[in-house]
Amino acid sequence: MIINLRSDTQTLPTEAMLRAMVSAPLGDDVLGEDPTVRKLEDMAARMLGKEAGLLVVSGTMGNLVSLMAHSNRGDEVILDPDSHIFYHEAGSMAAIAGLMPMPVKSCDGMLDPDAVAAAIRKPNVHYPIPRILCLENTHNRSGGRVVPLDLHRELCAVAHDRGLKVHLDGARIFNAQVAAGIPAYEWAREADSVMFCLSKGLSCPIGSIVVGDADFIERARRYRKQIGGGMRQAGIIAACGIVALETMIDRLAEDHTNARLLAQGLADIKGFKVDPGKVETNMVYVDHCATGLSTEEVLLRLECQGVLASGSPPSRIRFVTHRHIDRAIVDEAVRRIKRAMETS
Ligand SMILES: Cc1ncc(COP(=O)(O)O)c(C=O)c1O
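Here the residue numbering is sequential within each chain, running from 1 through the sequence in written order. The model is predicted, so local features are restricted to residues of pLDDT at least 70 and side-chain atom pairs to those at 80 or more, both for listing and for counting; the totals for chains, interfaces and linings are taken over all residues. Water and hydrogen atoms play no part in the side-chain values, which are based on all heavy atoms of the structure.

A.B. asks: How should the site of the ligand be read in this particular structure?
C.D. replies: Whether a residue is near a molecule or strand is decided by its heavy atoms; if any one of them lies within 4 Å of it, the residue is near. As a matter of local geometry, the ligand sits amid 13 residues, with G59, T60, D169, R172 and K200 nearest to it. Here a polar contact is taken to be a pair of N or O atoms separated by no more than 3.5 Å, where protein atoms must pair a possible hydrogen donor with a possible acceptor and residues adjacent in sequence count only if both atoms sit in side chains. One nitrogen or oxygen atom from the main chain of G59 is found 2.8 Å from an oxygen atom belonging to the ligand. Taking K200, its side chain carries an N or O atom lying 2.9 Å from an oxygen atom of the ligand. What sets the accessible areas is the Shrake-Rupley method with a 1.4 Å probe; for residues, cover comes only from the shown protein chains. If the ligand stood free it would expose 390 Å²; the protein chains cover 84% of that surface. Ranked by residue count, the leading element in the shell around the ligand is helix α3 (residues 59–70), at three residues. Put simply, DSSP marks the helices as runs of H or I at least four residues long and the strands as runs of E at least two long, and each gets a number from the N terminus on.

Encoded structure:
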């Protein structure tokens, strides 16, 4: 059996989702006539305390249409160079939206409000217009860490005081909710827009949602169409999303417990550096520098033992727990990874 710890995107739809797909009422969503999509969009907006929602194909598309709906071409976006938008979205903010990134480095996913304030430049004919602050919660490249609500509020206030909009990449905002015991709408309240993913720990096969005020969502809907994201009988996707929001959020706690167990097991492996105390949600990053192996070599060794993980060269490997990884599989994964790293 292959143990797939590459990402929570590996999750398959549940039986209830498959049943819901078959019986969902459908219509043409580009014309606003799919009742299942409308139900999901309204439900998501209500859960996050916003006026309106928009179903999009992916988290990347959700982030892109959000940035487009908040800005004009040539505007500046303040964001962490370790954020997904900057690092992992194929440069879409520049290539498609014509936006200028102003990177402000976070420390372990935590942006410094003073550094953000300093990066927001005063109007000057030489500068792009600073328009958006992007935040990410949970923060993927820092190991799925939860950005505390107090810090989030402070960062939003810095942006708003200077006339910027705040977009929250909340791909895993419900992991933050479950880990911190704070409803996702508390983070959403401070932001002008939020994107979250249905297709990660919530187990849907496809889809993300953007929420914000009604005008913003209308603009985002138009940009979604412009970049080819208008879908027709998208109710078959939305039906899974409704099941996910109704039944799949609380179980994320299991993924978090399993990630901590995994981290504890991996911490005993020679050459691996991992701090189980920093595992707050469903991700475990291991620094393998002391093994003397390249990231590709470590990944290959794991694969030979039937364990899949993802690499973040030069010296980090990421393991992500999800619905298909239970405690027994975590124990087996630790045994296999030990074996992989002990073989010379
Ligand atoms: C923090 C974050 N934002 C956005 C995305 C993009 O989602 P998608 O893969 O659906 O485009 C991801 C995907 O892993 C992510 O981790």
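A.B. asks: Help me out: how do you make sense of the pattern of salt bridges in this one?
C.D. replies: Any two side chains of opposite charge can pair, given that their charged atoms come close. The term salt bridge refers to a side-chain nitrogen of Lys or Arg lying within 4 Å of a carboxyl oxygen of Asp or Glu. Taken as a whole and judged by the stated rule, the model has 19 salt bridges. Ionic pairing is found between E190 and R153, a salt bridge with its closest N-O pair at 3.4 Å. Of this pair, E190 sits in helix α9 (residues 184–190) while R153 sits in helix α7 (residues 149–161), and the two are 37 residues apart along the sequence. A salt bridge links R221 to E218; the shortest N-O distance between them is 3.5 Å. With R221 and E218 both in helix α10 (residues 214–226) and three residues apart, this pair spans about one turn of that helix. Given a relative accessible area of 22%, R221 falls into the partly exposed group. Judged by its relative accessible area of 49%, E218 is partly exposed. Salt bridges sharing common partners tie together D108, R145, K278 and E280. Throughout, exposure labels follow a simple rule: accessible area from a 1.4 Å probe, protein chains only, divided by the maximum for the residue type, with under 20% read as buried, over 50% as exposed, and the rest as partly exposed.

A.B. asks: Which parts of the structure should I look at to understand unusual backbone geometry?
C.D. replies: The omega angle of the peptide bond from N137 to T138 is -5°, so this bond is cis rather than trans. Of note, T138 is situated in the loop between β5 (130–136) and α7. P314 follows P313 through a cis peptide bond whose omega is 10°. Even without glycine at this site, A90 takes up a positive phi of about 55°. With respect to the helices, strands and loops of the structure, A90 is situated in the loop between α4 (84–87) and α5 (92–95). Although it is not a glycine, D108 sits at a positive phi angle of roughly 55°. Relative to the helices and strands, D108 is located in the loop between β4 (100–103) and α6 (113–119).

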